[in-house]
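Now for the letters of each chain:
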Amino acid sequence: MVGKPKVLSVNGLRTSFFTDGGIVPAVDGISFDLYEGEILGIVGESGCGKSVTSLSIMGLVPSPPGKITGGEILYGGRDLTKLKEREMRKVRGNDIAMIFQEPMTSLNPLFTIGSQMTEALLIHTNLGKRKARRRAAEMLKLVGLPRVEEIMDEYPHQLSGGMRQRVMIAMALVCEPNILIADEPTTALDVTIQAQILKLMKKLNERLDTAVLLITHDLGVVAETCGRVIVMYAGQIVEEGPVTEIFRNPQHPYTEGLLKSVPDMRFKQERLEPIPGNVPRPGAIRHGCRFAARCPYRFDRCTAEDPELYGTQPGHFARCFLRDKKEETAHDETLVES
Amino acid sequence: MTKPLLKVEGLKKYFPVKKGPLGRVRGHVKAVDGVSFDVYPGETLGIVGESGCGKSTTGRMLMRLLEPTEGRIEFDGRELTGLGPEEMRKVRRDIQMVFQDPFASLNPRHTVGKILEEPLIVHGVKDAADRKKKVREFLDIVGLSGYHASRYPHQFSGGQRQRIGIARALMTNPKLIIADEPVSALDVSIQSQVLNLMQDLQREFGLTYIFIAHDLGVVRHISDRVGVMYLGRLVELADSEALYDKPLHPYTQALLSAVPVPDPGFEREQIVLEGDIPSPANPPSGCTFHTRCPFRMDVCITTVPILRQTDTGHSVACHLYGGEADGNDNKTLVTEGSI
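Note that the coordinates shown come from a computational prediction; the quantities given were computed from them, not determined experimentally. (Residues numbered from 1 in each chain as written. Chains lettered and ligands numbered in written order. Predicted model: local features only at pLDDT ≥ 70, side-chain atom pairs only at ≥ 80, totals over all residues.)

## Digging into helix α5 (residues 158-170) of chain B
Since the α-helix packs 3.6 residues into each turn, any two residues three or four apart lie on the same face.
All names here are of chain B.
(1) Moving on: If you check α5, its first and last C-alpha atoms are 19 Å apart, about what 13 residues at 1.5 Å a residue would give, namely 18 Å.
(2) Moving on: Residues of α5 that are buried include every one of G159, Q160, R161, Q162, R163, I164, G165, I166, A167, R168, A169 and L170, and no others.
(3) Moving on: Where α5 is buried, its residues contact β6 (95-98), α3 (112-122), α4 (128-141), β7 (176-180) and α6 (188-205). (Helix = DSSP H or I, 4+ residues; strand = E, 2+ residues; numbered from the N terminus. Expected span 1.5 Å × (residues − 1). Buried ≥ 20, exposed ≤ 12 C-beta atoms within 10 Å, placed from the backbone. Contact = placed C-beta atoms within 7 Å.)

## Points about the packing of helix α4 (residues 113-124) of chain A against helix α5 (residues 129-142) of chain A
Residues and elements named next belong to chain A.
(1) Moving on: Their axes nearest at 9 Å, the elements α4 and α5 cross at an angle of 115 degrees. α4 and α5 meet at a crossing whose hand is right-handed. Along its contact with α4, which presents G114, M117, T118, L121 and L122, the element α5 presents K129, A132, R133, R135 and A136.
(2) Moving on: Of the residues contributing to the contact of α4 with α5, the split by class is five nonpolar, two polar and three charged. (Axes fitted to C-alpha atoms, helices over the stretch in contact; angles between N-to-C directions. Left-handed = near helix turned anticlockwise from the far one by under 90°. Nonpolar A, V, L, I, M, F, W, Y, C, P; charged D, E, K, R; others polar.)

## A look at the interface of chain B and chain A
(1) Moving on: At the junction of the two partners, chain B supplies 34 residues and chain A supplies 40 residues.
(2) Moving on: Taken together, the elements giving at least two residues each to the side of chain B that touches chain A come down to α6, α7 (216-222), α8 (240-245) and α9 (250-258) of chain B.
(3) Moving on: For the side of chain B that touches chain A, the element with the most residues is α6 of chain B, which contributes seven residues.
(4) Moving on: Here the side of chain B that touches chain A is composed, by residue class, of 17 nonpolar, eleven polar and six charged.

## Some points on the nonpolar core
(1) Moving on: Counting residues in each nonpolar core, the largest one holds 185 residues, and the members touching the most others are A170, I179, I181 and L213 of chain A together with A167 and I210 of chain B.
(2) Moving on: For this core, the element with the highest residue contribution is helix α7 (residues 161-173) of chain A, accounting for seven residues.
(3) Moving on: Not counting residues within four places of it along the chain, the set of residues in contact with A170 of chain A comprises M117, M139, L140 and V143 of chain A. (Core = buried A, V, L, I, M, F, W, Y, C linked by C-beta atoms within 7 Å.)

## Topic: the sheet that holds strand β6 (residues 96-99) of chain A
All names here are of chain A.
(1) Moving on: One open sheet holds the eight strands; their spatial order is β6-β7-β8-β3-β9-β10-β12-β11, and the pairing between them is mixed. Taken across any chain shown, the strands that pair with only one partner, and hence form the sheet edges, are β6 and β11 (310-313). Adjacent strand axes in the sheet meet at a mean angle of 20 degrees, parallel and antiparallel pairs treated alike.
(2) Moving on: For strand β9 (residues 228-233) and strand β10 (residues 236-242), the ladder comprises six bridges, and the chain directions are antiparallel. What sits directly across from M232, in β10, is I237. (Pairing = 2+ DSSP bridges.)

## Let's talk about the sheet that holds strand β4 (residues 66-75) of chain A
All names here are of chain A.
(1) Moving on: Read from one edge to the other, the open sheet built from four strands follows the order β2-β1-β4-β5, with strand pairing classed as antiparallel. Only two strands of the sheet have a single neighbouring strand rather than two, namely β2 (22-35) and β5 (78-79).
(2) Moving on: Note: strand β1 (residues 6-19) against β2, eleven bridges, orientation antiparallel. By the bridge assignment for β2, L8 is matched with L34.
(3) Moving on: Across the sheet, helix α1 (residues 50-58) touches β1, β2 and β4, and the angle it forms with β2 is around 70 degrees.

## A look at the pairing of strand β3 (residues 44-48) of chain B
Residues and elements named next belong to chain B.
(1) Moving on: In terms of burial, β3 is largely enclosed, as five of its five residues are buried.
(2) Moving on: Neither face of β3 is open: one carries T44, G46 and V48, the other L45 and I47, and all of them are buried.
(3) Moving on: Here β3 runs beside strand β8 (residues 208-213); their pairing, made up of five bridges, is parallel. Within β8, the residue paired with V48 across the bridge is A213.
(4) Moving on: The pairing of β3 with strand β9 (residues 225-230) spans four bridges and is classified as parallel. Across the sheet, the residue bridging to V48 is V228, located in β9.

Pasting the structure below:
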């Protein structure tokens with residue numbers, strides 16, 4: 001991705017939820033850049049903070065109880081966390097658009113597809129009604145929907161799940177945003193429909209040069225669509241790197257464990273190698289390495305200090321003391337033990 | 001070969017569609033439309049398919065949680081479809097079910113001990129101390145501890161709850177366990193724990209599984225044989241190796257090629273199917289897959305293909321392999337779609 005300009009920079013973002021049970025840091029100091037035209041994946045299990053990250057960027061964290069408590073989100077020279085709601089509304093949809101997991105809950109059941117599609121255009125552009133409608137129809141054609149003119153006058157419930165997700169994508173892209181955030185866009189869909197939607201997203205990304213932030217729990221989806229990946233665990237980034245590097249040469253024990261625990265459809269494994277223990281609740285672990293309790297390579301320093309992201313290759317980082325140059329000798333010892 | 005533990009023949013479930021002020025029946029949703037298969041003792045039969053293909057409905061009919069519209073279910077030499085409620089209750093001692101949602105399938109007001117004890121009470125274990133002992137024993141077997149018996153379901157994580165669901169199914173020493181999407185609500189790192197547990201239990205107790213799921217990787221991992229369903233029918237049934245390495249039905253080929261593989265450099269020919277799954281209320285004529293099939297022939301539109309065995313013990317319901325369509329060059333088809 002070197003050479004392409006950054007479109008979004010997240011620096012030390014912290015988003016916490018103030019609940020009766022105390023303050024829960026769902027996103028606990030994450031930093032990353034999104035470059036023009038790339039597809040960046042964020043992968044992690046439930047409660048790792050991947051969705052809260054995307055909601056923070058969109059300024060959609062439910063407040064109260066949620067609040068961005070630190071860090072900045074730089075887009076076009078402005079810090080999105082500092083914008084007023086009115087200014088943020090101009091960014092949303094126009095500059096940064098989002099598609100959600102369940103299209104039925106994000107489409108209004110009372111309005112036709114056409115009126116929902118044109119609404120965004122009427123707000124963000126100075127197109128007239130007729131032109132907006134034509135533009136919306138073009139977009140629906142681009143995402144591969146059949147009989148577009150009829151669908152424009154239909155309601156969301158009349159469409160199938162796959163068609164609704166296509167409408168969502170069309171709606172997200174109709175104002176030609178620079179960034180598309182897709183939060184589990186295919187999780188609610190069947191595999192054959194998922195394949196259609198992923199193919200469409202890749203095609204649109206190439207054609208319109210929109211940067212895509214793809215949030216998912218499915219490692220297969222990441223491998224097939226993303227150029228770079230961020231792995232999150234318990235509110236932190238634990239590994240970041242190019243997709244081939246992460247899958248072929250994972251540097252964090254969590255990433256390694258995650259890859260080993262997925263059954264591969266291509267061959268029969270006698271036994272899976274699960275990660276022991278449970279996925280921690282957000283905010284349950286606050287000191288030391290968050291993964292230490294489940295890690296097979298754990299040593300004293302892991303619970304005593306907080307690991308940083310250590311560079312292992314250009315563009316490849318892992319939050320693990322084993323990758324700290326200072327630990328090289330200790331690393332060899334643990335490998336012998338395990 | 002040994003006698004099958006479960007023999008299913010021509011199983012059908014039609015749900016009436018009622019419309020209008022008088023609630024007249026205006027048609028039927030053919031959720032399951034003539035499914036036949038055998039399950040042998042000690043094996044795992046996987047059933048895969050996309051939403052609405054009838055896989056869960058099939059599972060529920062086997063336990064007669066849903067009444068079949070037609071067809072026969074023979075379990076351990078006994079016909080189940082005619083049995084009364086009391087007799088069926090006794091049979092359920094031998095057939096147990098594990099459900100998808102470990103949050104919804106455990107009573108939130110009961111302690112885990114009570115949840116696990118209940119099947120024992122229903123099936124006549126009179127001595128309370130015996131029951132308590134058995135509860136602790138099974139909590140241990142599924143990887144939890146005896147002290148967990150006094151806790152409530154909400155105090156457990158999803159993976160632990162699914163372990164409780166499995167323990168409950170085991171309490172009556174069943175022969176057959178029907179698991180309907182048992183790991184799909186769980187996180188990836190937890191899924192593999194539960195799959196390993198299920199395999200261990202199968203070995204230890206000589207269990208037979210019917211494993212219903214949409215995740216093809218998971219199904220391959222756990223199953224000895226796999227059946228693929230599409231719109232209420234079994235389209236292919238084979239040993240899992242054979243099915244995954246050499247799928248015959250065009251739908252199976254497309255389904256397998258559509259699954260994203262966690263390997264960025266992996267090259268393959270992906271068959272992306274056009275269109276959506278048709279509604280089971282108004283399924284296409286002939287072969288229900290013909291509307292999306294890349295190899296459609298005239299016969300597919302008019303005639304329903306029958307599930308028949310090829311010489312390798314691989315069963316497929318497709319005219320490309322049947323008598324009606326002889327002379328078709330299906331060799332290229334097989335290599336194209338295989339993964």
